[in-house]
Amino acid sequence: MEYTKQQMCGHKDFSMRTFTGNWREDVAREAAKMRDSMLRLQVGGQTTQGIQRKLDYGLQKLCLTPEPADGYLRFGDVILLQSAANKGALAADTFTEVKGRPAHALVTLAEKAAPVVRTAWIVQKARDPHKPFYAREKEADLVHYGQTVKLTNPHLADAHLNLAAALPDPSTSAIGNSSGQLKGQVTACYAGGMDTLWRIEPGEVSWSIETEGLPVHMGDVVAVRSVKTAQFLSVEPAARCKTAFGFDLEVSAFHHKEQHGKKACEAVGKLNLWGVVCAPKGSNFTPFAPGKQRDALQDVRRKILERSGDGSFKALSRAFRILDDNGDRKLSRREIKQGLEQYGVPLSSAELDTIFTFFDRNGDGVVTLTEFMRGIREPMNGRRSGIVAQAFDRLDTDCNGMVTFAELKNIYGRNLYRHPQVVSGAKTEDQVLVEFISGWDQSGDRVITPGEFQDYYTDLSASIDGDDYFELMIRNAWHISGGEGVCENTTCRRVLVVHNDGSQTVEEIQDDLGIGPEDIAAMKAQLRAQGITDIKDIRLTQ
């Protein structure tokens with residue numbers, strides 16, 4: 001080992017543990033340790049009281065949803081999933097991250113099936129191709145066998161902690177069976193995606209076509225299958241892990257088949273079975289009010305708006321570019337963390353996970369300008385959401401609350417043959433229409449819901465400053481007549497009407513969405529519907 005002259009002389013700023021030329025790194029490392037220590041102290045991560053508050057919150061009691069009169073499980077119900085093997089309850093540990101999977105919380109089996117925050121799960125809707133069928137049957141709020149759902153832990157008001165399953169990974173998975181097979185890892189995360197989709201299947205009988213589509217009852221014994229891994233949620237009785245709340249049994253995504261003699265059948269084993277536990281009928285139900293993490297999100301919004309000035313699109317774009325160190329028009333976790341520290345908002349690891357997931361809506365690991373705008377700005381005001389609702393109503397011709405592929409084809413079908421790609425033969429009319437609605441149809445079921453439609457325009461609204469311009473844009477895009485002043489529609493066709501007495505007037509064909517430039521009959525029919533009946537002829541203006 002070789003030392004510098006300063007080290008040999010015993011200078012106070014140098015350590016005998018460092019090599020030649022590295023004394024600056026030694027000083028910098030000690031300073032970094034001090035900064036990290038002060039940051040943890042600031043957010044309460046270093047105090048015993050702070051840790052105890054987190055544990056107390058996870059063990060806070062809450063009310064489960066009482067069993068309804070018809071006994072059916074509904075979306076939004078608060079339930080426990082109790083293992084049929086040892087009567088423990090599926091639980092989330094939001095204070096313990098999973099090794100090798102950042103921003104994923106540990107999911108285990110708590111020994112006691114008590115209704116507390118960490119063991120409670122809410123059944124949430126997910127994309128489902130059978131949604132229109134259940135709506136027609138007036139069972140849209142019921143959970144059915146074979147239906148895709150999400151299971152959410154209610155520990156935070158401003159974020160959803162979703163149960164997730166990942167494919168077996170030899171580098172991170174420590175759970176295996178005697179034959180050496182790796183099992184899928186079950187965690188909880190704030191992001192969405194296919195990892196968080198599950199399918200409820202019957203547990204007491206073999207899967208059959210007769211069972212699919214039947215409502216799930218409170219108290220049923222079910223099997224919960226991961227859509228991504230095609231494996232069942234399972235208890236691992238021989239594997240225990242340490243959590244912030246003590247030692248729990250591990251859970252995995254694996255199909256434990258029933259053994260009959262020396263052969264295994266396809267029926268799910270007892271380790272894959274879960275009871276749907278609710279409160280007894282007539283119980284008093286008080287909705288749980290989730291807590292928040294230090295209002296870190298509000299701190300971020302407030303600081304960025306303060307730094308940006310007036311909060312306009314131009315000002316927020318400038319703030320985005322300041323945070324974007326490498327100029328790739330995307331924000332990484334590192335850029336957000338370092339930028340917010342410069343803004344005076346230091347974040348703990350858990351807070352950074354929550355905030356990054358809030359901004360990163362599509363879960364691709366980066367934050368775009370559109371996502372940044374939507375996260376900073378408030379949701380659409382009443383005026384904007386109202387005009388968007390009018391546009392949705394124009395498409396929902398049967399007024400059932402959904403826009404189907406058939407409705408859109410009925411509106412646009414008369415003019416699809418004019419599309420350039422249809423004319424060239426590159427695409428069919430149906431392919432062009434599917435591509436058109438893909439921007440709104442998030443679930444891919446060819447059905448647009450009001451929520452999907454509003455969500456699309458919420459993103460667009462975040463980059464538009466003025467309400468007048470937003471209204472004009474929607475009116476012109478969807479041919480909605482009306483509007484005052486600068487908001488008045490300018491895209492609805494105006495035609496010269498020759499009346500029976502020979503007089504002429506220029507008339508607007510109101511709400512002419514889907515009426516082509518050569519469809520004279522449809523134009524006349526729309527004018528008659530507007531009360532203009534003495535039509536001898538119409539002439540199109542150029």
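All values reported here derive from a predicted model rather than from experimental measurement. (Residues numbered from 1 in each chain as written. Predicted model: local features only at pLDDT ≥ 70, side-chain atom pairs only at ≥ 80, totals over all residues. Heavy atoms only, no water.)

**Student:** How do you make sense of the overall build of the protein when you look at a structure like this?
**Tutor:** A count of helical and extended segments in the protein gives 16 helices and 19 strands. The proportion of buried residues among the 542 residues of the protein is 42%. In the protein, of all internal contacts separated by at least 6 residues, the share reaching a separation of at least 24 is 62%. Surface accessibility of the protein: about 28300 Å² in total, with carbon and sulfur atoms responsible for 52%. (Helix = DSSP H or I, 4+ residues; strand = E, 2+ residues; numbered from the N terminus. Buried < 20%, exposed > 50% of the residue type's maximum accessible area, 1.4 Å probe, protein only. Contact = heavy atoms within 4.5 Å. Areas by Shrake-Rupley, 256 points an atom, 1.4 Å probe, with all protein chains shown as cover.)

**Student:** Could you clarify how one ought to interpret the environment of Arg394 in this entry?
**Tutor:** Inspection of the secondary structure puts Arg394 in helix α10 (residues 382-395). Taking C-alpha positions, Arg394 is 9.7 Å from Ile411, a pair spaced 17 residues apart along the chain. Excluding residues that lie within four positions of it along the chain, Arg394 makes contacts with Ile411, Ile480 and Asp511.

**Student:** How should unusual backbone geometry be read in this particular structure?
**Tutor:** Leaving glycine out, the prevailing phi sign among residues is negative, and the prevailing peptide bond configuration is trans. Although it is not a glycine, Lys138 sits at a positive phi angle of roughly 60°. Secondary-structure assignment places Lys138 in the loop between α4 (131-136) and β5 (148-153). Judged by relative accessible area, which is 74%, Lys138 ranks as exposed. One non-glycine residue, Ala230, adopts positive backbone phi at about 65°. In this fold, Ala230 is placed in the loop between β9 (221-226) and β10 (233-243).

**Student:** Help me out: how do you make sense of the sheet that holds strand β17 (residues 494-499) in this one?
**Tutor:** In a beta sheet, neighbouring strands pair by backbone hydrogen bonds and run either parallel or antiparallel. Pairing is antiparallel in the open sheet, where three strands are placed in the order β18-β17-β19. Among the strands making up the open sheet, the edge pair consists of β18 (504-508) and β19 (535-540). In this sheet, neighbouring strand axes are inclined to one another by 35° on average, regardless of whether the strands run parallel or antiparallel. Across five bridges, β17 lies against β18 in antiparallel orientation. Its bridge partner lying in β18, Val497 is registered against Thr505. In this fold helix α16 (residues 520-529) packs onto β17, β18 and β19, with an angle of close to 120° to the strand it touches most, β19. (Pairing = 2+ DSSP bridges. Axes fitted to C-alpha atoms, helices over the stretch in contact; angles between N-to-C directions.)

**Student:** Even after reading the chapter, I still don't get the confidence of the model for the protein, so can you show me in this structure?
**Tutor:** Parts of the prediction with low pLDDT should not have their coordinates interpreted in detail. Averaged over all residues, the pLDDT of the protein equals 77, while 78% of them reach at least 70. Across residues 11-20 the pLDDT falls below 50, and counting only partners more than four positions away or on other chains, this stretch makes 21 contacts in the model. Confidence drops under pLDDT 50 across residues 260-265; counting only partners more than four residues distant or on other chains, this segment forms seven contacts. (pLDDT = per-residue confidence, 0-100.)

**Student:** Is there a simple way to explain the packing of helix α6 (residues 313-323) against helix α9 (residues 369-376) in this structure?
**Tutor:** Geometrically, a packed helix pair is captured by the angle between its two axes and the distance between the axes. Look at α6 against α9: their axes get within 10 Å of each other, and the N-to-C directions meet at 120°. Handedness of the α6/α9 crossing: right-handed. From α6, Phe313, Leu316, Ser317, Phe320 and Leu323 reach across to α9, where they touch Leu369, Phe372, Met373 and Ile376. For the contact of α6 with α9, a count of residues per class yields eight nonpolar, one polar and no charged. (Left-handed = near helix turned anticlockwise from the far one by under 90°. Nonpolar A, V, L, I, M, F, W, Y, C, P; charged D, E, K, R; others polar.)

**Student:** How should I be thinking about the side chain of Arg384 in this particular structure?
**Tutor:** Here Arg384 shows up in helix α10. Residues within four places of Arg384 in sequence aside, it is in contact with Ser461, Ile464, Asp465, Gly466, Asp467 and Phe470.

**Student:** Before we go on, may I ask you to explain the packing of aromatic side chains in this structure?
**Tutor:** Applying the stated rule across the entire model yields eight aromatic pairs. Aromatic side chains Phe359 and Phe372 sit 6.1 Å apart centroid to centroid with 20° between the ring planes, which places their arrangement in the stacked category. A residue pair is termed long-range when its members are at least 10 positions apart, and Phe359 in helix α8 (residues 349-359) and Phe372 in helix α9 qualify at 13 residues. We note that Phe359, like Phe372, is buried. Ring centres 5.9 Å apart and planes at 55° place the aromatic pair Phe453 and Trp478 in the tilted group. (Phe/Tyr/Trp six-rings, centres within 6.5 Å; stacked < 30°, edge-to-face > 60°.)

**Student:** What am I meant to see in the environment of Pro202 here?
**Tutor:** With respect to the helices, strands and loops of the structure, Pro202 is situated in strand β8 (residues 198-202). For Pro202, a relative accessible area of 10% corresponds to the buried category. As a C-alpha pair, Pro202 and Tyr145 span 57 residues in sequence and 6.8 Å in three-dimensional space.

**Student:** Whenever I open this one, the pattern of salt bridges confuses me. Can you help?
**Tutor:** Two side chains of opposite charge can pair, provided their charged atoms sit close to one another. Tallied over the entire structure, the rule returns 17 salt bridges. Glu201 is paired through a salt bridge with Arg225; the nearest N and O atoms lie 2.8 Å apart. With Glu201 in strand β8 and Arg225 in strand β9, the pair connects residues that are 24 residues apart, well separated along the chain. A relative accessible area of 22% places Arg225 in the partly exposed class. Between Asp468 and Arg383 there is a salt bridge, and its shortest N-O distance comes to 2.6 Å. Note that Asp468 is positioned in helix α15 (residues 467-477) and Arg383 in helix α10, a separation of 85 residues in sequence. (Salt bridge = Lys/Arg side-chain N within 4 Å of Asp/Glu carboxyl O.)

**Student:** Looking at this structure, I do not really get the packing of helix α14 (residues 450-461) against α15. What am I missing?
**Tutor:** With their axes 12 Å apart at the nearest point, α14 and α15 run at an angle of 135° to one another. Looking at the two axes, α14 sits oblique to α15. Taken as a pair, α14 and α15 cross one another with a handedness that is right-handed. Residue-level contacts link Tyr457, Leu460 and Ser461 of α14 to Phe470, Met473 and Ile474 of α15. When the residues that make up the contact of α14 with α15 are grouped by side-chain class, the tally is five nonpolar, one polar and no charged. (Parallel < 35°, antiparallel > 145°, perpendicular 65-115°, else oblique.)

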